Amino acid sequence: MEVKHRTIRTLVSKLSSVSERIRTEALFELRDLSKLDPETRPIISESGAIPFLAETLYSSSHPSQENAAATLLNLSISVKEPLMSTRGVLDAIAHILSHHATTSSSAAVQSSAATIHSLLAATDEFRSVVGAKREIVYALVDIVRSHNSSPPRTIKDALKALFAIALYQPNRATVIGLGAVPALFSLVVKDGRVGIVEDATAVVAQVAGCEESAEAFRKVSGIEVLADLLDLATGASMRTKENAVSALLNLVRCGGESAVSDVREVVVDVVAALNGIADVADHGSSKGKSKASELLKVLFDESGGFGNSGELSSGSKFDSFPE
(Lines give C-alpha, C1' and ligand atoms only; values in the text may rest on other atoms or scores of the structure.)
Protein backbone atom coordinates (compact mmCIF):
# COMPACT_ATOMS: atom_id res chain seq x y z
CA MET A 1 0.00 0.00 0.00
CA GLU A 2 2.88 2.35 0.75
CA VAL A 3 4.10 1.89 -2.81
CA LYS A 4 0.69 3.00 -4.07
CA HIS A 5 0.81 6.06 -1.85
CA ARG A 6 4.24 7.05 -3.12
CA THR A 7 3.31 6.44 -6.74
CA ILE A 8 0.14 8.49 -6.50
CA ARG A 9 1.80 11.35 -4.62
CA THR A 10 4.43 11.53 -7.35
CA LEU A 11 1.78 11.55 -10.07
CA VAL A 12 -0.26 14.24 -8.34
CA SER A 13 2.85 16.42 -7.93
CA LYS A 14 3.32 16.22 -11.69
CA LEU A 15 -0.10 17.77 -12.28
CA SER A 16 1.39 21.16 -11.42
CA SER A 17 4.34 20.74 -13.79
CA VAL A 18 5.01 23.46 -16.36
CA SER A 19 5.41 20.71 -18.95
CA GLU A 20 2.18 19.80 -20.71
CA ARG A 21 3.64 16.44 -21.65
CA ILE A 22 4.38 15.56 -18.01
CA ARG A 23 0.90 16.70 -16.92
CA THR A 24 -0.77 14.69 -19.68
CA GLU A 25 1.17 11.55 -18.82
CA ALA A 26 0.33 11.91 -15.13
CA LEU A 27 -3.35 12.43 -15.92
CA PHE A 28 -3.44 9.31 -18.05
CA GLU A 29 -1.80 7.22 -15.32
CA LEU A 30 -4.17 8.54 -12.65
CA ARG A 31 -7.12 7.76 -14.90
CA ASP A 32 -5.85 4.23 -15.42
CA LEU A 33 -5.18 3.63 -11.72
CA SER A 34 -8.56 5.00 -10.64
CA LYS A 35 -10.30 2.78 -13.18
CA LEU A 36 -8.45 -0.46 -12.54
CA ASP A 37 -7.77 -0.26 -8.80
CA PRO A 38 -10.61 1.04 -6.59
CA GLU A 39 -8.21 1.14 -3.61
CA THR A 40 -6.37 4.03 -5.25
CA ARG A 41 -9.38 6.33 -5.38
CA PRO A 42 -9.28 7.53 -1.75
CA ILE A 43 -5.50 7.87 -2.01
CA ILE A 44 -5.80 10.03 -5.14
CA SER A 45 -8.33 12.22 -3.33
CA GLU A 46 -6.27 12.48 -0.16
CA SER A 47 -3.18 13.35 -2.19
CA GLY A 48 -4.82 16.58 -3.37
CA ALA A 49 -5.58 15.61 -6.97
CA ILE A 50 -9.18 16.82 -7.13
CA PRO A 51 -8.51 20.60 -7.47
CA PHE A 52 -5.99 19.90 -10.26
CA LEU A 53 -8.43 17.62 -12.04
CA ALA A 54 -11.18 20.23 -11.81
CA GLU A 55 -8.87 22.94 -13.14
CA THR A 56 -7.90 20.71 -16.05
CA LEU A 57 -11.51 20.64 -17.25
CA TYR A 58 -10.93 24.23 -18.41
CA SER A 59 -8.01 23.11 -20.58
CA SER A 60 -8.23 23.56 -24.35
CA SER A 61 -6.57 20.15 -24.75
CA HIS A 62 -9.14 17.44 -25.44
CA PRO A 63 -6.94 14.59 -24.17
CA SER A 64 -6.40 16.48 -20.91
CA GLN A 65 -10.13 17.17 -20.56
CA GLU A 66 -10.95 13.53 -21.23
CA ASN A 67 -8.43 12.11 -18.76
CA ALA A 68 -9.41 14.56 -16.02
CA ALA A 69 -13.15 14.01 -16.54
CA ALA A 70 -12.78 10.23 -16.61
CA THR A 71 -10.69 10.30 -13.42
CA LEU A 72 -13.33 12.42 -11.66
CA LEU A 73 -15.97 9.94 -12.79
CA ASN A 74 -13.95 7.04 -11.37
CA LEU A 75 -13.44 8.91 -8.09
CA SER A 76 -17.16 9.69 -7.85
CA ILE A 77 -17.86 5.99 -7.42
CA SER A 78 -15.92 5.79 -4.16
CA VAL A 79 -15.21 9.29 -2.80
CA LYS A 80 -18.33 11.37 -3.35
CA GLU A 81 -17.97 13.64 -0.33
CA PRO A 82 -14.48 14.97 -1.21
CA LEU A 83 -15.66 15.72 -4.75
CA MET A 84 -18.76 17.58 -3.59
CA SER A 85 -16.87 19.50 -0.91
CA THR A 86 -13.97 20.62 -3.10
CA ARG A 87 -14.48 24.19 -4.21
CA GLY A 88 -14.89 24.61 -7.96
CA VAL A 89 -15.58 21.00 -8.95
CA LEU A 90 -19.23 21.52 -9.87
CA ASP A 91 -18.38 24.77 -11.66
CA ALA A 92 -15.75 22.96 -13.73
CA ILE A 93 -18.20 20.18 -14.59
CA ALA A 94 -20.75 22.84 -15.54
CA HIS A 95 -18.16 24.42 -17.84
CA ILE A 96 -17.55 21.16 -19.69
CA LEU A 97 -21.26 20.41 -20.01
CA SER A 98 -22.15 23.94 -21.11
CA HIS A 99 -19.66 23.81 -23.97
CA HIS A 100 -20.77 20.39 -25.20
CA ALA A 101 -21.38 21.75 -28.70
CA THR A 102 -18.23 23.85 -28.98
CA THR A 103 -14.94 23.51 -27.11
CA SER A 104 -15.56 20.46 -24.91
CA SER A 105 -14.46 16.98 -25.90
CA SER A 106 -17.49 14.72 -26.38
CA ALA A 107 -15.83 12.09 -24.19
CA ALA A 108 -15.31 14.65 -21.43
CA VAL A 109 -18.95 15.75 -21.70
CA GLN A 110 -20.13 12.16 -21.40
CA SER A 111 -17.90 11.50 -18.37
CA SER A 112 -19.06 14.73 -16.72
CA ALA A 113 -22.74 13.90 -17.18
CA ALA A 114 -22.05 10.41 -15.83
CA THR A 115 -20.26 11.96 -12.83
CA ILE A 116 -23.37 13.96 -11.93
CA HIS A 117 -25.46 10.80 -12.07
CA SER A 118 -22.89 8.89 -10.03
CA LEU A 119 -22.76 11.57 -7.34
CA LEU A 120 -26.55 11.68 -6.99
CA ALA A 121 -27.69 8.15 -7.77
CA ALA A 122 -27.44 6.66 -4.30
CA THR A 123 -28.14 9.58 -1.99
CA ASP A 124 -30.49 12.52 -1.49
CA GLU A 125 -27.77 14.47 0.27
CA PHE A 126 -26.30 16.22 -2.78
CA ARG A 127 -29.39 16.57 -5.00
CA SER A 128 -30.40 19.97 -3.68
CA VAL A 129 -26.86 21.26 -4.14
CA VAL A 130 -26.60 20.13 -7.76
CA GLY A 131 -30.17 21.21 -8.49
CA ALA A 132 -29.26 24.71 -7.40
CA LYS A 133 -26.51 24.80 -10.05
CA ARG A 134 -28.76 26.01 -12.84
CA GLU A 135 -25.90 25.98 -15.34
CA ILE A 136 -25.53 22.22 -14.88
CA VAL A 137 -29.26 21.56 -15.21
CA TYR A 138 -29.59 23.79 -18.27
CA ALA A 139 -26.57 22.17 -19.93
CA LEU A 140 -27.99 18.68 -19.39
CA VAL A 141 -31.32 19.80 -20.85
CA ASP A 142 -29.50 21.34 -23.81
CA ILE A 143 -27.67 18.07 -24.49
CA VAL A 144 -31.06 16.33 -24.66
CA ARG A 145 -32.45 19.13 -26.82
CA SER A 146 -29.48 18.73 -29.19
CA HIS A 147 -30.10 15.00 -29.63
CA ASN A 148 -29.38 15.14 -33.35
CA SER A 149 -25.79 16.17 -32.69
CA SER A 150 -25.14 14.61 -29.28
CA PRO A 151 -23.68 11.06 -29.17
CA PRO A 152 -26.19 8.46 -27.90
CA ARG A 153 -24.08 7.58 -24.86
CA THR A 154 -23.89 11.25 -23.87
CA ILE A 155 -27.66 11.62 -24.24
CA LYS A 156 -28.22 8.57 -22.03
CA ASP A 157 -25.87 9.89 -19.34
CA ALA A 158 -27.49 13.34 -19.49
CA LEU A 159 -30.91 11.71 -19.06
CA LYS A 160 -29.67 9.66 -16.10
CA ALA A 161 -28.24 12.80 -14.51
CA LEU A 162 -31.54 14.68 -15.01
CA PHE A 163 -33.41 11.72 -13.53
CA ALA A 164 -31.20 11.79 -10.43
CA ILE A 165 -31.66 15.56 -10.09
CA ALA A 166 -35.45 15.23 -10.45
CA LEU A 167 -35.63 12.59 -7.70
CA TYR A 168 -35.41 15.57 -5.33
CA GLN A 169 -38.93 16.99 -5.58
CA PRO A 170 -38.03 20.71 -5.23
CA ASN A 171 -35.71 20.39 -8.26
CA ARG A 172 -38.53 19.41 -10.62
CA ALA A 173 -39.86 22.95 -11.11
CA THR A 174 -36.33 24.08 -11.93
CA VAL A 175 -35.88 21.30 -14.47
CA ILE A 176 -39.22 22.21 -16.09
CA GLY A 177 -38.44 25.93 -16.01
CA LEU A 178 -35.20 25.34 -17.90
CA GLY A 179 -37.01 23.72 -20.80
CA ALA A 180 -36.79 20.01 -20.06
CA VAL A 181 -40.35 19.05 -21.01
CA PRO A 182 -40.29 20.04 -24.71
CA ALA A 183 -36.75 18.66 -25.00
CA LEU A 184 -37.76 15.32 -23.49
CA PHE A 185 -40.93 14.89 -25.54
CA SER A 186 -39.11 15.87 -28.73
CA LEU A 187 -36.60 13.13 -27.98
CA VAL A 188 -39.35 10.59 -27.29
CA VAL A 189 -41.18 11.41 -30.53
CA LYS A 190 -38.16 11.68 -32.83
CA ASP A 191 -35.75 9.07 -31.46
CA GLY A 192 -36.69 5.45 -31.98
CA ARG A 193 -33.86 3.89 -29.96
CA VAL A 194 -35.47 1.82 -27.23
CA GLY A 195 -32.96 2.56 -24.47
CA ILE A 196 -33.06 6.30 -25.03
CA VAL A 197 -36.88 6.40 -25.14
CA GLU A 198 -36.97 4.38 -21.92
CA ASP A 199 -34.57 6.76 -20.17
CA ALA A 200 -36.37 9.85 -21.51
CA THR A 201 -39.76 8.64 -20.31
CA ALA A 202 -38.25 7.86 -16.91
CA VAL A 203 -37.29 11.53 -16.60
CA VAL A 204 -40.72 12.56 -17.90
CA ALA A 205 -42.31 10.49 -15.14
CA GLN A 206 -40.20 12.20 -12.49
CA VAL A 207 -40.77 15.78 -13.63
CA ALA A 208 -44.51 15.07 -13.88
CA GLY A 209 -44.53 14.95 -10.10
CA CYS A 210 -44.89 18.68 -9.46
CA GLU A 211 -47.58 21.33 -9.84
CA GLU A 212 -45.82 23.01 -12.78
CA SER A 213 -45.94 19.87 -14.90
CA ALA A 214 -49.58 20.12 -16.00
CA GLU A 215 -49.15 23.32 -18.00
CA ALA A 216 -45.78 22.25 -19.38
CA PHE A 217 -47.21 18.93 -20.61
CA ARG A 218 -50.26 20.68 -22.06
CA LYS A 219 -48.10 22.93 -24.22
CA VAL A 220 -46.38 19.98 -25.94
CA SER A 221 -49.37 17.60 -26.08
CA GLY A 222 -47.49 15.41 -23.64
CA ILE A 223 -50.51 13.43 -22.49
CA GLU A 224 -51.28 12.49 -26.09
CA VAL A 225 -47.71 11.30 -26.57
CA LEU A 226 -47.90 9.18 -23.42
CA ALA A 227 -51.21 7.73 -24.57
CA ASP A 228 -49.62 6.79 -27.90
CA LEU A 229 -46.79 5.03 -26.09
CA LEU A 230 -49.37 2.95 -24.21
CA ASP A 231 -51.00 1.79 -27.43
CA LEU A 232 -49.89 -1.82 -27.77
CA ALA A 233 -49.63 -1.33 -31.53
CA THR A 234 -46.68 1.04 -31.11
CA GLY A 235 -44.52 -1.79 -29.75
CA ALA A 236 -43.16 0.26 -26.84
CA SER A 237 -41.18 -1.72 -24.28
CA MET A 238 -42.76 -2.60 -20.95
CA ARG A 239 -40.39 -0.22 -19.20
CA THR A 240 -41.52 2.62 -21.47
CA LYS A 241 -45.17 1.79 -20.83
CA GLU A 242 -44.54 1.67 -17.08
CA ASN A 243 -42.88 5.08 -17.28
CA ALA A 244 -45.85 6.45 -19.23
CA VAL A 245 -48.22 5.13 -16.56
CA SER A 246 -46.07 6.64 -13.83
CA ALA A 247 -46.04 10.01 -15.62
CA LEU A 248 -49.82 10.06 -16.00
CA LEU A 249 -50.29 9.04 -12.38
CA ASN A 250 -47.93 11.76 -11.18
CA LEU A 251 -49.80 14.29 -13.33
CA VAL A 252 -53.17 13.46 -11.77
CA ARG A 253 -51.62 13.38 -8.30
CA CYS A 254 -49.78 16.70 -8.54
CA GLY A 255 -51.35 18.74 -11.33
CA GLY A 256 -54.70 19.48 -9.72
CA GLU A 257 -58.21 19.07 -11.13
CA SER A 258 -57.23 20.45 -14.51
CA ALA A 259 -54.60 17.75 -14.93
CA VAL A 260 -57.09 15.03 -13.98
CA SER A 261 -59.48 16.46 -16.54
CA ASP A 262 -56.78 16.59 -19.21
CA VAL A 263 -55.75 12.98 -18.61
CA ARG A 264 -59.37 11.77 -18.60
CA GLU A 265 -60.15 13.64 -21.80
CA VAL A 266 -57.26 12.02 -23.67
CA VAL A 267 -56.96 8.59 -22.08
CA VAL A 268 -60.44 7.48 -21.06
CA ASP A 269 -61.84 7.66 -24.59
CA VAL A 270 -58.87 5.88 -26.17
CA VAL A 271 -59.32 2.14 -25.79
CA ALA A 272 -55.79 1.48 -27.06
CA ALA A 273 -54.33 3.58 -24.23
CA LEU A 274 -56.55 1.88 -21.67
CA ASN A 275 -55.45 -1.49 -22.98
CA GLY A 276 -51.84 -0.40 -22.51
CA ILE A 277 -52.48 0.60 -18.91
CA ALA A 278 -54.20 -2.73 -18.31
CA ASP A 279 -51.26 -4.54 -19.91
CA VAL A 280 -48.97 -2.92 -17.36
CA ALA A 281 -51.40 -3.82 -14.58
CA ASP A 282 -51.34 -7.46 -15.74
CA HIS A 283 -47.78 -7.99 -16.87
CA GLY A 284 -45.59 -5.20 -15.52
CA SER A 285 -43.20 -5.16 -12.60
CA SER A 286 -44.69 -5.16 -9.10
CA LYS A 287 -44.29 -1.39 -8.91
CA GLY A 288 -45.67 -0.95 -12.42
CA LYS A 289 -48.70 -3.10 -11.65
CA SER A 290 -49.44 -1.07 -8.54
CA LYS A 291 -49.22 2.26 -10.37
CA ALA A 292 -51.31 1.06 -13.30
CA SER A 293 -54.01 -0.20 -10.93
CA GLU A 294 -53.99 3.11 -9.08
CA LEU A 295 -54.18 5.10 -12.31
CA LEU A 296 -57.15 3.08 -13.56
CA LYS A 297 -58.88 3.49 -10.22
CA VAL A 298 -58.32 7.27 -10.27
CA LEU A 299 -59.64 7.55 -13.80
CA PHE A 300 -62.63 5.34 -12.98
CA ASP A 301 -63.48 7.32 -9.86
CA GLU A 302 -63.20 10.64 -11.67
CA SER A 303 -65.24 9.59 -14.69
CA GLY A 304 -67.87 7.54 -12.92
CA GLY A 305 -67.39 4.78 -15.48
CA PHE A 306 -65.86 4.11 -18.84
CA GLY A 307 -68.90 3.97 -21.05
CA ASN A 308 -68.82 0.88 -23.23
CA SER A 309 -65.23 -0.02 -22.44
CA GLY A 310 -65.95 -1.80 -19.17
CA GLU A 311 -63.59 -4.63 -20.02
CA LEU A 312 -60.18 -4.29 -21.63
CA SER A 313 -58.78 -6.62 -24.22
CA SER A 314 -56.23 -7.93 -21.74
CA GLY A 315 -59.01 -9.24 -19.55
CA SER A 316 -58.62 -6.68 -16.75
CA LYS A 317 -61.96 -5.29 -15.53
CA PHE A 318 -62.21 -1.88 -13.96
CA ASP A 319 -64.46 -3.16 -11.21
CA SER A 320 -61.70 -5.56 -10.17
CA PHE A 321 -59.66 -2.74 -8.63
CA PRO A 322 -60.27 -2.18 -4.92
CA GLU A 323 -61.85 1.02 -3.68
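Residues numbered from 1 in each chain as written. Predicted model: local features only at pLDDT ≥ 70, side-chain atom pairs only at ≥ 80, totals over all residues. Heavy atoms only, no water.

Enquirer: Mind showing me how you'd approach the packing of aromatic side chains here?
Expert: Where two aromatic rings form a pair, the distance of their centres and the angle of their planes describe that pair. Tallying each qualifying case throughout the model produces one aromatic pair. Summarising the aromatic geometry, the rings of Phe185 and Phe217 are spaced 5.2 Å apart at their centres and angled 85 degrees between planes, so their arrangement reads as edge-to-face. Here the residue Phe185 occupies a position in helix α13 (residues 180-190), and Phe217 occupies one in helix α15 (residues 213-219), the gap between them amounting to 32 residues. Like Phe185, the residue Phe217 is buried in the burial classification. (Phe/Tyr/Trp six-rings, centres within 6.5 Å; stacked < 30°, edge-to-face > 60°. Helix = DSSP H or I, 4+ residues; strand = E, 2+ residues; numbered from the N terminus. Buried < 20%, exposed > 50% of the residue type's maximum accessible area, 1.4 Å probe, protein only.)

Enquirer: Where do I start with the packing of helix α7 (residues 89-98) against helix α8 (residues 106-121) in this structure?
Expert: Geometry of a packed helix pair, given as the angle between the helix axes and the separation of the axes. Two elements in contact, α7 and α8, have axes separated by 9 Å at closest approach and are oriented at 135 degrees. In terms of orientation, α7 lies oblique with respect to α8. The two elements α7 and α8 cross, and the hand of that crossing is left-handed. For the pair α7 and α8, contact is made by Leu90, Ile93, Ile96 and Leu97 and by Ala108, Val109, Ser112, Ala113, Thr115 and Ile116, respectively. For the contact of α7 with α8, a count of residues per class yields eight nonpolar, two polar and no charged. (Axes fitted to C-alpha atoms, helices over the stretch in contact; angles between N-to-C directions. Parallel < 35°, antiparallel > 145°, perpendicular 65-115°, else oblique. Left-handed = near helix turned anticlockwise from the far one by under 90°. Contact = heavy atoms within 4.5 Å. Nonpolar A, V, L, I, M, F, W, Y, C, P; charged D, E, K, R; others polar.)

Enquirer: Is there a simple way to think about the nonpolar core in this case?
Expert: Most often, soluble globular proteins have nonpolar side chains that are buried together. Membership of the largest hydrophobic core comes to 99 residues, with the highest contact counts inside it found for Val267 and Ile277. When residues of this core are assigned to their parent elements, the largest contribution, eight residues, is made by helix α11 (residues 152-166). (Core = buried A, V, L, I, M, F, W, Y, C linked by side-chain atoms within 4.5 Å.)

Enquirer: Can you help me understand the side chain of Ser246 in this one?
Expert: Its location among the elements puts Ser246 in helix α17 (residues 238-254). Among all residues touching Ser246, those that are not within four sequence positions of it are Ala205 and Lys291.

Enquirer: It is not clear to me how the packing of α13 against helix α16 (residues 222-230) should be interpreted in this structure. Could you clarify?
Expert: One way to put it is that α13 packs onto α16 with a least axis distance of 11 Å and a crossing angle of 35 degrees. Relative to α16, α13 is oriented so that their crossing is left-handed. When α13 is examined against α16, the residues Phe185, Val188 and Val189 are found in contact with a partner set consisting of Gly222, Val225, Leu226 and Leu229. Grouping the amino acids of the contact of α13 with α16 by side-chain chemistry returns six nonpolar, one polar and no charged.

From the geometry alone we can't say anything about function, so treat these as descriptive.
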